[in-house]
Amino acid sequence: MSRKSLHRKISRRKFLGTSAAAGAALAATGTGLPRVSFADSHTIKIGFLAPLTGPVAAWGKPGLDGCLIWADWVNAKGGVSIGGQSYNIEFVGYDNEYDVAKARTGATKLIKEDGVKFIMMLGGDTWAGAQPVAEREGMLFSTLLPSDLSPDSTTLVAPCEVHPIYNVTGVEWLAENKPELKTAAMCAQDDALGKPSVATYLAAFEAAGIEMVDAPLFFDPATTDFAPVMTRLMAGNPDILCLDTCYADYVHPLCEQAFQQGYQGQIISCTADFYQNIIEKTSEEFMEGFIFQFPDFDDPALNSEGINFVNPNEFYAEYANRYGASAWGAVSWEYASIMDLWADAATRAGSAEPAAVLEAMKADGTGKHAFGTADWWGTELFGIDNALVGNWPVVVIEGGKARIKAFKSIPAWWDQHKDLMIKHMTDLGQMWNQQG
Amino acid sequence: MDLLWQTAVNATYAASYMALIAVGLVMIFGVMGVINFAHGELYMVGAYCVVFLYAQENFPFLLAVAAGLVFVGMIGLVMERTMFRPLRDNPLAGLIASIGFLLILQTLAVFGFGRRMGHVPPSTQGKLEILGAVLTYQRLFVIVAAVLLLAALWTFLRRSKFGRALRACAQDAEAASLQGISMNQTARIAMFIGAALAGVAGALTAPLVSPTPYIGHSIIVTAFIIIIVGGVGSLEGAVIAAVLYAFVHTFVTTFFDGVIANIVGLALMLAVLVVRPTGLFGAKERA
């Protein structure tokens, strides 16, 4: 076909113009489809404002699925007792698609139309959308990402996941158990999840005496081909590959690329969602010793004294029964564990009103975190003590199965190395007072 | 040196699947004058054909790829008959209809396969070593398939009666019609080939990416950059621009940063538009 031939009906200018217009229209479209829910006067609604579709859905949808189990169990036992009255709990989901504008719309809708008493979010980039609504309405919000915390957001708490700070526990355990590993390379997607996690890993590696062979490699979240990323990471022959807090969509192809390009060293990552699929794409031998931070809840270690999550093994079994074992992910239990804290605080407050629940939640400066009693903490890092921080598990894949190897203390690491953390957070512009 | 070779191998793979997608998009635009915004979703459907047939139903990988090619080509025929033909005199309406169609395809994929990424085990874990660089068979399939399919397309367009008809319609539809060439038939052929190329690219790369219902977004953006750089409407331009873009993007990612690579890719497009507004191989607009 002639190079001049395919050129009619529509001019180049029109093509470029309409493409741009269509792109904008496409970006503006989308379906933040709210769920319609109905509740009687003895039901309390809880908002679930997280990505249920799109590339970040793995950190939203499994959490809502876990919450539905939590609600069924609590409601079957008569509900949550508040002020002498039992209330059933109903979740109202809103898919923010990890989009700031949709998060704002969803927060408004959940409060104004659904009358929710508490809203759980993944946070990150989407907190910017919900923040003005939270401030205006005084609504209690939770985030899985304490890097969202700031003194300006007094009704935002991080009562479960202390991302990315808990990543220090994995590096600390690695340094203690494999002291011969001395160099690392790291990559991350360039977004609000990736950057603070990079700062945390840099601090943890420095504290452990592990040297970076290269500067962290940031990639665009739209990346689909990870071969160049892995080629670059492996170029420095690192002892450790760090996959930071990459989404599951990235961790899988990154591991596959590492396997295909012949990497034989240690891998550490914040998450390894659906790790059975990674093993299938690589091999059990390749994934042996892979370190991450999120246990399967059938782990016997979760039955030990001090664990506050209610019936973790039964929860995992029910989750696997409803959704399939391979559906279990990092956040499957997290939002449910936040609900344990909320229900306990609401019962003690005798009210479901956000201000009363928040006050009861933080009453004595401690809280029953899923992995043990923890402290409300964070002024030095977040400008406000709204993160519940204590122990966190270090998980290692052994024989194709994730197993908890240790529970390690985040505050203990912080007491020794906080200067490093603050330095690296500051260098990457991730301190609360650097965010616009 | 190993790093250079490995990067070159990575770039060759990227150029291969990008060329398949971009050439398909150019085919549809060239013959029908329609900007098919659903092209990325045709890639996605091809990937899900492999998710379904190969990963879930255990059909042989190459059979699943062939099925993806044909199935997505058939979707192209449906698009031509139900959307683009009735809107033939209104390219803007065709573009808007394609946006609607991409949302339908995304939604159907969510209904059929869920929101989570599809899991596709590799069809082989074998690999070659070329001057210290690793090339897996899985990636080699993509490169070989792209070369064969694009060569076959070139031969078809140059040597066959239907190919000549396509070129004639693309040059001047009215004159072609007066010579007895059916516009409907050429549009059908162009749409089938264009869609099938996107579908086969998705099917071949399914084990190498994480297929999700939304993967088409990033694909279509790259495809548009390539065809703008190559010259809107030029098949040769699309192939050369795919190679150029893939090498620039891959080398910048490897030696600098993935984010910088995207900026450089867009800067490349802007530079071409400034220096040569028609693209590297585009024709000047007729008065």
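Note that the structure is predicted; figures quoted are calculated from it, not measured.

Helix and strand counts for chain A come out as 15 helices and 17 strands. A globule of 436 residues ought to have a C-alpha radius of gyration of about 22 Å, and chain A, at 22 Å, matches this closely. Going through the 436 residues of chain A one by one, you find that 56% of them count as buried. Of all intrachain contacts in chain A linking residues separated by at least 6 positions in sequence, the fraction that spans at least 24 positions is 67%.

Another point: the overall build of chain B. Looking only at helices and strands, chain B features 11 helices and 2 strands. The N-to-C order of helical and strand elements in chain B reads α-α-α-α-β-β-α-α-α-α-α-α-α. Against the 2.2 N^0.38 benchmark of 19 Å for 287 residues, chain B shows a C-alpha radius of gyration of 19 Å, consistent with a compact globule. The dimensions of chain B, computed from C-alpha atoms along their principal axes, are 55 × 45 × 35 Å. In chain B, which comprises 287 residues, the share counted as buried stands at 57%. Partitioning the contacts of chain B with sequence separation of at least 6, the portion at a separation of at least 24 is 77%.

Residue and element names in this part refer to chain A. Of all 8 residues in strand S1 (residues 43-50), 7 are buried, a share of seventy percent or more. Sheet topology places S1 next to strand S4 (residues 119-121); 3 bridges connect them, and they run parallel. What sits directly across from Phe 48, in S4, is Met 120.

All right, on to the packing of helix H3 (residues 61-84) of chain B against helix H8 (residues 183-205) of chain B then. All names here are of chain B. It is at 7 Å that the axes of H3 and H8 come closest, and there the two elements cross at 140°. Comparing their axes, H8 and H3 come out oblique. The element H3 and its partner H8 pack so that their crossing is right-handed. Its residues placed into classes, the contact of H3 with H8 shows 18 nonpolar, 6 polar and 2 charged.

A few words on the environment of Ala 246 of chain B. All names here are of chain B. Considering the arrangement of structural elements, one finds Ala 246 in helix H10 (residues 235-255). A residue is classified by how many C-beta atoms lie within 10 Å of it, and Ala 246, with 25 of them, is buried. Linking Ala 246 and Asn 10, residues 236 residues apart in sequence, is a C-alpha distance of 8.8 Å. When sequence neighbours within four positions are dropped, the list of residues in contact with Ala 246 reads Ala 11, Ala 14, Ala 15 and Met 18.

All names here are of chain A. Its domain assignment divides chain A into domain 1 (43-163 + 322-390) and domain 2 (167-299 + 393-434). Computed from C-alpha coordinates alone, the two centres of domain 1 and domain 2 are separated by 26 Å. Contact with domain 1, which involves 25 residues of that partner, is made by 24 residues of domain 2. Sorting the residues of the side of domain 1 that touches domain 2 by element identifies strand S14 (372-377) and helix H14 (379-382) as the ones contributing at least two each.

Interfaces are often sized by the amount of accessible area the parts lose when they come together. Listed as interface residues are 51 residues of chain A and, on the opposing side, 58 residues of chain B. With 7 residues, helix H1 (residues 12-28) of chain A is the largest single contributor of residues to the side of chain A that touches chain B. Along the lines of polarity and charge, the residues of the side of chain A that touches chain B split into 21 nonpolar, 17 polar and 13 charged.

Residue and element names in this part refer to chain A. Taken in spatial order, the 6 strands line up as S2-S3-S1-S4-S5-S6 in an open sheet, and their pairing is mixed. The open sheet has two free edges, formed respectively by strand S2 (80-82) and strand S6 (156-157), since each of these has just one partner strand. Sheet analysis places S1 next to strand S3 (residues 85-95), joined by 8 bridges and oriented parallel. Residue pairing across strands places Thr 43 opposite Asn 88, the latter belonging to S3. Along the sheet, helix H2 (residues 61-76) contacts S1, S2 and S3; its crossing angle with S3, the most-contacted strand, is approximately 165°. Helix-sheet contacts for helix H12 (residues 334-349) involve S2, S4 and strand S5 (141-142), and the interaxial angle to S2 is about 30°.

Turning our eyes to something else, we now look at the nonpolar core. Core analysis: the largest hydrophobic core is formed by 255 residues, its most contacted members being Ile 21, Ala 22 and Val 50 of chain B. Residues lining this core come from more than one domain, with at least three contributed by each of domain 1 (43-163 + 322-390) and domain 2 (167-299 + 393-434) of chain A.

As a further point, take the confidence of the model for chain B. Overall, the prediction assigns chain B a mean pLDDT of 90, with 98% of residues at 70 or greater. Predicted as a complex, the structure gets a pTM of 0.82 and an ipTM equal to 0.83.

Time to look at unusual backbone geometry. At the junction of His 163 of chain A and Pro 164 of chain A, the peptide bond is cis and its omega measures out at 0° in the coordinates. Relative to the helices and strands, Pro 164 of chain A resides in the loop between S6 and helix H5 (167-177). Not every positive phi belongs to a glycine, and Asn 58 of chain B is a case in point at roughly 65°. Among the structural elements, Asn 58 of chain B can be located in the loop between helix H2 (39-56) and H3. Phi is positive for Leu 131 of chain B, which is not a glycine, with a value near 50°. Turning to its location among the elements, Leu 131 of chain B is positioned in the loop between strand S1 (127-130) and strand S2 (133-136).

Think of an α-helix as 3.6 residues a turn; residues three or four steps apart then line up on the same face. All names here are of chain A. Within H5, 8 of the 11 residues are buried, which leaves the element mostly enclosed by the surrounding structure. Those residues of H5 that fall on the buried side of the exposure criterion are Asn 167, Val 168, Thr 169, Gly 170, Val 171, Glu 172, Trp 173 and Leu 174. Buried residues along H5 sit in contact with helix H6 (194-207), strand S11 (266-268), strand S12 (291-292), strand S16 (391-398), strand S17 (401-409) and helix H15 (410-427).

For the rest of this paragraph, the subject is the sheet that holds S14 of chain A. Residues and elements named next belong to chain A. Overall, antiparallel pairing links the 3 strands, which are arranged S13-S14-S15 in an open sheet. Both edges of this open sheet fall to strand S13 (366-369) and strand S15 (387-389), since each of them pairs with a single strand only. Across the sheet, the mean angle from the axis of one strand to that of its neighbour is 45°, orientation sign disregarded. By the bridge criterion, 4 bridges tie S13 to S14 in an arrangement that is antiparallel. Across the sheet, residue Gly 367 finds its bridge partner in S14, namely Ala 374.

Calculation rules
- Counting from 1, residues in each chain are numbered in the order their sequence is written.
- By the order in which they are written, chains take letters starting at A while ligands take numbers starting at 1.
- Totals for whole chains, interfaces and linings use all residues, but because this is a predicted model, local features are given only for residues with pLDDT of at least 70 and pairs of side-chain atoms are given and counted only at 80 or more.
- A helix here means a DSSP run of H or I that spans at least four residues, while a strand means a run of E at least two residues long, and both kinds are numbered starting from the N terminus.
- Computation of the radius of gyration draws on C-alpha atoms alone. For the globule rule, the value is 2.2 Å times the number of residues to the power 0.38.
- Here a residue counts as buried when 20 or more other C-beta atoms fall within 10 Å of its C-beta, as exposed when 12 or fewer do, and as partly exposed in between; the C-beta atoms come from the backbone.
- The contact criterion used is a C-beta to C-beta distance within 7 Å, with each C-beta placed from the backbone.
- By this definition, two strands are paired if DSSP reports at least two bridges between them.
- All axes here are fitted lines through C-alpha atoms, helices being fitted over the stretch that makes contact, and every angle between N-to-C directions spans 0 to 180 degrees.
- Just so you know how the angles are binned, under 35 degrees is roughly parallel, over 145 roughly antiparallel, 65 to 115 roughly perpendicular, and the rest oblique.
- For any helix crossing, the convention is left-handed if the near helix is rotated counterclockwise from the far helix by under a right angle, and right-handed if that rotation is clockwise.
- For this classification, the nonpolar set comprises Ala, Val, Leu, Ile, Met, Phe, Trp, Tyr, Cys and Pro, the charged set comprises Asp, Glu, Lys and Arg, and every other residue, Gly included, is treated as polar.
- Annotation comment: domain bounds sourced from an automatic or database domain assignment.
- Under the definition applied here, buried Ala, Val, Leu, Ile, Met, Phe, Trp, Tyr and Cys residues are grouped into a nonpolar core through C-beta atoms within 7 Å.
- Confidence of the prediction at every residue is given by pLDDT, a number between 0 and 100.

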